[in-house]
Amino acid sequence: MFGSLKKTFALAAATASVMIAQPAMADLADILSSGKIKIAVPENFPPFGALGASGEHEGYDVDVAKLIAEDLGVELELVPVTSKQRIPFLETDRVDLVISSMGANPGRAKSIWFSSAYAPFFSGAFAAPGMTINSPADLSGKKIGLTGGSLEDLELTKMAPADAEIIRFGDNAATLSAYASGQVDVLVTGSVVAADFSAKNADKPIQTKFIIKDSPCFIGVKKGSFDLLQWVNVFILHKKLGGDLNTMSQKWFGQDLPPLPAL
């Protein structure tokens, strides 16, 4: 009997020791109490986040982070991260949130929680606003420029009509140059590449015609921070309904915010 009690006490002590050793989880109340939130943003991935001419980080994700801190009424600490640092920084409490153009998938969901989508990220067909293209079928008879061997090349080749002329270039720079010079009618690329082109070529406006492959961005939250996750989801809903995210999308991507999935 006494041996059994000793084992029980030993197990309880070991469990308590593990619980004490684990770092405290920052949830909404902790952030409000401390008056500060640490948010990971892209280190160098414009237009989501990068070092601007002013020496400060700027971009879509940075603006979202600033608005979160403003709505919470707390100080913001931006933490620039690479893609590989996003989840480890969240798991080790170096940041409270990750807003860094991160897609959600079952593998990542084993480690962290995801909010509803807050930003678009997709591969699509882009062309002049006056050109009527609503689906792959409308590419019939048109010259389409894309980067050979890319995801866009593989996907569009499956869906383009037989009489569409797909012209493949060696890299994104050559593809964009071909579209800018009028060698092709339609640009097929990633939304980030298209946004960057739009920002640098105001005299050559482009518009999303249809999406080839969709992979929107989600905010990463540490597992267990339930109140913070709930608040972030309400924040995203509020900013979608109020038009704030649409304004940011127009500013950084040159496009209206498309419909985004909610978790």
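Residues numbered from 1 in each chain as written. Predicted model: local features only at pLDDT ≥ 70, side-chain atom pairs only at ≥ 80, totals over all residues. Heavy atoms only, no water.

Counting its secondary structure elements, the protein chain contains nine helices and twelve strands. Relative to the 2.2 N^0.38 estimate, which gives 18 Å for 263 residues, the radius of gyration of the protein chain is 23 Å and therefore markedly larger than a compact globule would have. The 263 residues of the protein chain split such that 44% are buried. In the protein chain, of all internal contacts separated by at least 6 residues, the share reaching a separation of at least 24 is 70%. Put simply, the protein chain shows about 13,300 Å² of open surface, and 57% of that area lies on carbon and sulfur atoms. For the protein chain, the centre of its 23 positive side-chain charges and the centre of its 28 negative side-chain charges are spaced 8 Å apart. (Helix = DSSP H or I, 4+ residues; strand = E, 2+ residues; numbered from the N terminus. Rg over C-alpha atoms; globule rule 2.2 N^0.38 Å. Buried < 20%, exposed > 50% of the residue type's maximum accessible area, 1.4 Å probe, protein only. Contact = heavy atoms within 4.5 Å. Areas by Shrake-Rupley, 256 points an atom, 1.4 Å probe, with all protein chains shown as cover. Lys, Arg positive; Asp, Glu negative; His and termini not counted. Charge placed at Lys NZ, Arg CZ, Asp CG, Glu CD.)

Turning to the sheet that holds strand β6 (residues 112-119), a few remarks are in order. Strands sit in the order β4-β1-β5-β12-β6 across an open sheet of five strands; the sheet is mixed. Of all the strands in the sheet, just β4 (75-81) and β6 have a single pairing partner and so form its edges. Averaged over all neighbouring strand pairs, the angle between strand axes comes to 25 degrees, with direction disregarded. In terms of strand pairing, strand β5 (residues 97-102) meets strand β12 (residues 217-222) through three bridges, oriented antiparallel. Residue pairing across strands places M102 opposite F218, the latter belonging to β12. Where helix α3 (residues 60-72) meets the sheet, its contacts fall on β1 (36-42), β4, β5, β6 and β12, and the angle it forms with β1 comes to roughly 170 degrees. (Pairing = 2+ DSSP bridges. Axes fitted to C-alpha atoms, helices over the stretch in contact; angles between N-to-C directions.)

Pairing in this open sheet of five strands is mixed, and the strands run β9-β8-β10-β7-β11 from one edge to the other. Of all the strands in the sheet, the pair left with one neighbour each is β9 (165-169) and β11 (207-214). If you compare each strand with its neighbour and ignore which way they point, the axes differ by 25 degrees on average. By the bridge criterion, two bridges tie strand β8 (residues 143-147) to strand β10 (residues 186-190) in an arrangement that is parallel. Bridging across to β10, G145 finds its partner in L187. Each of β7 (122-127), β8, β9, β10 and β11 is contacted by helix α5 (residues 151-159), which is oriented at about 95 degrees to β11, the strand it contacts most. On top of the sheet, helix α6 (residues 172-180) reaches β7, β8, β9 and β10; it is set at about 150 degrees to β10, its chief contact.

Moving on to the environment of A262. Considering the arrangement of structural elements, one finds A262 in the segment after α9 (244-253). Taking relative accessible area as the criterion, A262 reaches 61% and is therefore assigned exposed. Sequence spacing of A262 and L228 is 34 residues, and the spatial spacing of their C-alpha atoms is 16 Å.

Among the nonpolar cores identified, the biggest contains 48 residues, and I37, Y60, V64, I68, L97 and Y118 are the most heavily contacted of them. Considering every element that reaches this core, the biggest residue donor is α3, with eight residues. In contact with I68, not counting residues within four places along its chain, are I37, I39, L97, I99, I219, W231 and F235. Counting residues in each nonpolar core, the second largest holds 25 residues, with A125, I133, L139 and L146 among its members. (Core = buried A, V, L, I, M, F, W, Y, C linked by side-chain atoms within 4.5 Å.)

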